[in-house]
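Residues per chain are reported as follows:
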Amino acid sequence: MSEVDEERHVCDAAVTLAFSVLGKRWNGMIVSSLGGGPSTFVALRRAVVGISDTVLSDRLAELTDAGLVARAVDAGPPVTVSYSLTDSGRGLLPILDQLGTWASENLEIRAR
């Protein structure tokens, strides 16, 4: 494999990995919502209109496992759980903004 082919393979693998997390429905919206600061589960559910509790819980677990979101439990009383972006998650915010700008300039939005 040539050096150019190897670099392309590494880039393709990295992009595939990124989209395996970010390409899932709701994940971009959750990250974007957390860009405003830490949030509770209930506040996130309100911010991400249309998401079910089960899916939100699953997506938060995935984003936490990916190192983009941190989960903090305050023993209370009452016990509260909050979610916030990690440094990696915050680094993603300008990229999501750029992707949104590119999409609105280059992709035709079709009614569903």
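Since the structure is predicted, the reported quantities are computational estimates derived from the model, not experimental observations.

Participant: Now, about the overall build of the protein chain: what can you tell me, with residues and values included?
Facilitator: A tally of regular secondary structure across the protein chain gives five helices and three strands. Its helices and strands in sequence order give the protein chain the pattern α-α-β-α-α-β-β-α, from N to C terminus. Taking all 112 residues of the protein chain together, 17% fall into the buried category. Put simply, 48% of the contacts in the protein chain that link residues at least 6 apart link residues at least 24 apart. Summed over its atoms, the accessible surface of the protein chain is roughly 7,800 Å², and 56% of this surface lies on carbon and sulfur atoms.

Participant: Describe the pattern of salt bridges, with residues and values.
Facilitator: Within the structure shown, the criterion is met by four salt bridges. A salt bridge links glutamate 62 to lysine 24; the shortest N-O distance between them is 3.1 Å. Here glutamate 62 is found in helix H4 (residues 53-65), whereas its partner lysine 24 is found in the loop between helix H1 (3-22) and helix H2 (27-34), with 38 residues between them in sequence. For glutamate 62, a relative accessible area of 27% corresponds to the partly exposed category. Glutamate 62 is the partner of arginine 59 in a salt bridge, and the nearest nitrogen-oxygen pair spans 3.7 Å. A residue pair is termed a helical-turn pair when its members lie 3 or 4 positions apart in one helix, as arginine 59 and glutamate 62 do in helix H4 at three residues. Its relative accessible area of 17% is what places arginine 59 among the buried residues. Taken together, the shared-partner salt bridges connect Lys24, Arg59 and Glu62 into one network.

Participant: I'd like a rundown of the side chain of serine 39, residues and numbers included.
Facilitator: Along the polypeptide, serine 39 turns up in strand E1 (residues 39-40). Residue classification places serine 39 among the buried residues on the basis of a relative accessible area of 13%. Excluding its chain neighbours within four sequence positions, the residues that come into contact with serine 39 are Leu34, Leu44, Val81, Ser82 and Tyr83.

Participant: Give a detailed account of the sheet that holds strand E3 (residues 80-85), specifying residues and quantitative values.
Facilitator: Whenever strands of a sheet pair, they do so through backbone hydrogen bonds, lying parallel or antiparallel. Judged by pairing direction, the sheet is antiparallel, and its three strands sit side by side in the order E1-E3-E2 without closing on themselves. Looking at the sheet topology across the chains shown, the edges are occupied by E1 and strand E2 (69-74). Examined bridge by bridge, E1 and E3 share two bridges and lie antiparallel to one another. Among the inter-strand pairings, serine 39 is bridged to a residue of E3, identified as tyrosine 83. Along the sheet, H2 contacts E1, E2 and E3; its crossing angle with E3, the most-contacted strand, is approximately 95°.

Participant: Could you give an account of the pairing of E3, with specific residues and numbers?
Facilitator: The pairing of E2 with E3 spans six bridges and is classified as antiparallel. Residue pairing across strands places valine 69 opposite leucine 85, the latter belonging to E3. The loop that links E2 with its antiparallel partner E3 comprises five residues; one of these, glycine 76, has a positive phi angle of about 75°.

Cut-offs used in this document
Residues numbered from 1 in each chain as written. Predicted model: local features only at pLDDT ≥ 70, side-chain atom pairs only at ≥ 80, totals over all residues. Heavy atoms only, no water. Helix = DSSP H or I, 4+ residues; strand = E, 2+ residues; numbered from the N terminus. Buried < 20%, exposed > 50% of the residue type's maximum accessible area, 1.4 Å probe, protein only. Contact = heavy atoms within 4.5 Å. Areas by Shrake-Rupley, 256 points an atom, 1.4 Å probe, with all protein chains shown as cover. Salt bridge = Lys/Arg side-chain N within 4 Å of Asp/Glu carboxyl O. Pairing = 2+ DSSP bridges. Axes fitted to C-alpha atoms, helices over the stretch in contact; angles between N-to-C directions.

Just geometry here; none of it tells us what the structure is for.
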